[in-house]
Amino acid sequence: METLIVGAGEMGRWFGRLVGDPAFADRDPAAAEAAAEAVGGDARAVPLDSEAPFEMVCIAVPIPAATGAITRQAPRAERAVVDVTGVMEPVVAAMKDVAPDVERASLHPLFSAAGAPGNVAVAVERGGPATEWLRGRLREAGNELVDVTPEEHDDAMTTVQGRVHAAVLAFALAAEDVPKGLETPVYEDLKALAERVTGNTPRVYADIQDAFDGASDVAREAQKLAEADHPAFEALYEDAGR
């Protein structure tokens, strides 16, 4: 299927390998060229400001740029418009507004491109042959599809990403170096998580906090622990276990 991918980053390239021989458009033309070269085959770079139509348009930009990119680029889709931005409610609403007559779906690969395949959250807002073809490509690549509504997805991401990232980063900021031999299994597990989270792109994690929050919830519960007396701490511990 002739596909335009708007955004030449990690997930745009992942989607390009999935669908095969895409066109990449990016505000940085060199990035689009690099993405096309990385994907290989008949992948190519095209101008971002073109109005040339494609059967499918995939939006693969950072979360803050998603709705703007949809407004500008989704009308170019002849059969389907999809996204891999990581947020669903505002994206699906924008798709419906500017591309009412084509198929629409929001995808969220719940892994980094290097960790593929894995679970992919899928919200099909308007289905048909093109989105069924895409679902087939996802399955053929070894992914497990998790059908959700946009509301279910975004609510879950508040915990799965927003609160989890905040808790891990708070530990990393509060932790001090520990002499060798004094580590515990829990400490080592948290340290490994902190190293995993902090080994990526800071902007992505800031975008996720802006979209889903989470840090304020973690801070509120941490403050309860800090202020609790012995019996209250035990009660909070038991609540955590539930």
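Located above this text is the structure these notes cover.
The shown structure was predicted, so the numbers you read here are calculated from the model rather than taken from an experiment.

Q: In this structure, what is going on with the overall build of the chain? I would like to understand it.
A: Looking only at helices and strands, the chain has ten helices and eight strands in total. Counting only C-alpha atoms, the chain reaches 65 × 35 × 30 Å along its principal axes. The long-range share in the chain, meaning contacts at least 24 apart out of those at least 6 apart in sequence, stands at 56%. Split by element, the accessible area of the chain, about 13,100 Å² in all, is 53% carbon and sulfur.

Q: Would you explain unusual backbone geometry in this entry?
A: With glycine set apart, most residues show a phi of negative sign, and most peptide bonds adopt trans. Between Ala-116 and the following residue, Pro-117, the backbone shows a cis peptide bond with an omega angle of 0°. Positionally, Pro-117 belongs in the loop between β6 (103-109) and β7 (119-126). Although it is not a glycine, Asp-21 adopts a positive phi angle of roughly 50°. Structurally, Asp-21 is set in the loop between α1 (10-19) and β2 (23-25). Phi angles above zero are rare outside glycine, and Asp-213 is one such case at about 60°. Position of Asp-213 relative to the elements: it lies in the loop between α8 (202-212) and α9 (215-227).

Q: Help me understand the packing of helix α6 (residues 150-174) against α8, please; the structure alone is not making it clear to me.
A: Helix-helix packing is characterised by the crossing angle of the two axes and by the distance between the axes. In the contact formed by α6 and α8, the axes pass within 9 Å of each other and the chain directions differ by 130°. Considering their axes alone, α6 and α8 lie oblique with respect to each other. The handedness of the crossing between α6 and α8 is left-handed. Facing Asp-154, Met-157, Thr-158, Gln-161, Gly-162, His-165 and Ala-166 of α6, the residues of α8 in contact are Tyr-205, Ile-208, Gln-209 and Phe-212. Taken together, the residues of the contact of α6 with α8 sort by class into five nonpolar, five polar and one charged.

Q: Sorry, what's going on with the side chain of Asp-207 here?
A: Following the sequence through the fold, Asp-207 ends up in helix α8. Classification of Asp-207 by relative accessible area gives buried; the value is 10%.

Q: I'm lost on the layout of surface pockets in this one. Help?
A: Leftover empty space is mapped by rolling, across the atoms, a probe with the size of a water molecule. When its volume is computed, the largest pocket comes out at roughly 1,600 Å³. Lining the largest pocket are 45 residues, and of these Glu-10, Met-11, Phe-111, Val-204 and Ile-208 lie nearest its centre. Mapped onto the lining of the largest pocket, the elements with two or more residues apiece are α1, α3 (66-73), β6, α6, α7 (185-197) and α8. Among the elements that take part in the lining of the largest pocket, α6 stands out by supplying six residues, more than any other. Here the residues of the lining of the largest pocket are counted per class, giving 24 nonpolar, 13 polar and eight charged. Surrounding the second largest pocket, Ala-167, Val-218, Glu-221, Ala-222, Leu-225, Phe-233, Leu-236, Tyr-237, Asp-239 and Ala-240 form its lining. In terms of residue count, helix α10 (residues 230-241) provides more of the lining of the second largest pocket than any other element does, five residues in total. Class assignment of the residues belonging to the lining of the second largest pocket gives a composition of eight nonpolar, no polar and two charged.

Q: Is there a simple way to explain the nonpolar core in this structure?
A: When a protein is soluble and globular, its nonpolar side chains tend to lie buried together. Counting 28 residues, the largest nonpolar core has Trp-14, Phe-15, Phe-24, Val-84, Leu-107, Leu-134 and Leu-138 as the members making the most contacts within it. Here the element with the most residues in this core is α1; it accounts for five residues. By size, the runner-up hydrophobic cluster in this structure holds 25 residues, among which are Ala-66, Ile-70, Ala-77 and Val-102.

Q: Hey, could you run me through α8 in this one?
A: Working note: α-helix, 3.6 residues per turn, so residues spaced by three or four point in the same direction. Among all positions in α8, only Tyr-205, Asp-207, Ile-208 and Phe-212 are buried. The arc that holds the buried residues of α8, viewed along the axis, is 155°, so those residues lie on one side. Counted as exposed and oriented over 90 degrees from the buried face of α8: Pro-202 and Asp-210. Contacts made by the buried residues of α8 are with α6 and α7. Residue Asp-213 follows α8 closely and has a positive phi angle near 60°.

Q: Mind showing me how you'd approach a nonpolar patch on the surface here?
A: A cluster of nonpolar side chains, contributed by Leu-225, Phe-233 and Tyr-237, occupies part of the molecular surface with about 340 Å² of accessible area. Looking at where Tyr-237 falls in the secondary structure, it is placed in helix α10.

Q: Looking at this structure, I do not really get the packing of aromatic side chains. What am I missing?
A: A ring pair, where both rings are aromatic, is described by two values, the distance of the centres and the angle of the planes. If you walk through the whole model with that rule in mind, you get three aromatic pairs. A centroid spacing of 6.4 Å and a plane angle of 55° characterise the contact between Trp-14 and Phe-15, whose relative ring orientation is tilted. There is no split in this pair, since Trp-14 and Phe-15 are both buried. Taking 5.9 Å as the distance between ring centres and 75° as the angle between the ring planes, the aromatic pair formed by Trp-14 and Phe-111 counts as edge-to-face.

Calculation criteria
Residues numbered from 1 in each chain as written. Predicted model: local features only at pLDDT ≥ 70, side-chain atom pairs only at ≥ 80, totals over all residues. Heavy atoms only, no water. Helix = DSSP H or I, 4+ residues; strand = E, 2+ residues; numbered from the N terminus. Contact = heavy atoms within 4.5 Å. Areas by Shrake-Rupley, 256 points an atom, 1.4 Å probe, with all protein chains shown as cover. Axes fitted to C-alpha atoms, helices over the stretch in contact; angles between N-to-C directions. Parallel < 35°, antiparallel > 145°, perpendicular 65-115°, else oblique. Left-handed = near helix turned anticlockwise from the far one by under 90°. Nonpolar A, V, L, I, M, F, W, Y, C, P; charged D, E, K, R; others polar. Buried < 20%, exposed > 50% of the residue type's maximum accessible area, 1.4 Å probe, protein only. 1 Å grid on protein atoms, 1.4 Å probe; cavity = no way out; pocket = protein on both sides within 12 Å on 5 of 7 lines; lining within 4 Å. Points joined across faces, edges and corners; volume = space filled by probe spheres on them. Core = buried A, V, L, I, M, F, W, Y, C linked by side-chain atoms within 4.5 Å. Arc of directions from axis to C-beta. Patch = residues over 30% accessible without salt bridge, like charges linked within 9 Å, V, L, I, M, F, W, Y side chains within 5 Å. Salt bridge = Lys/Arg side-chain N within 4 Å of Asp/Glu carboxyl O. Phe/Tyr/Trp six-rings, centres within 6.5 Å; stacked < 30°, edge-to-face > 60°.

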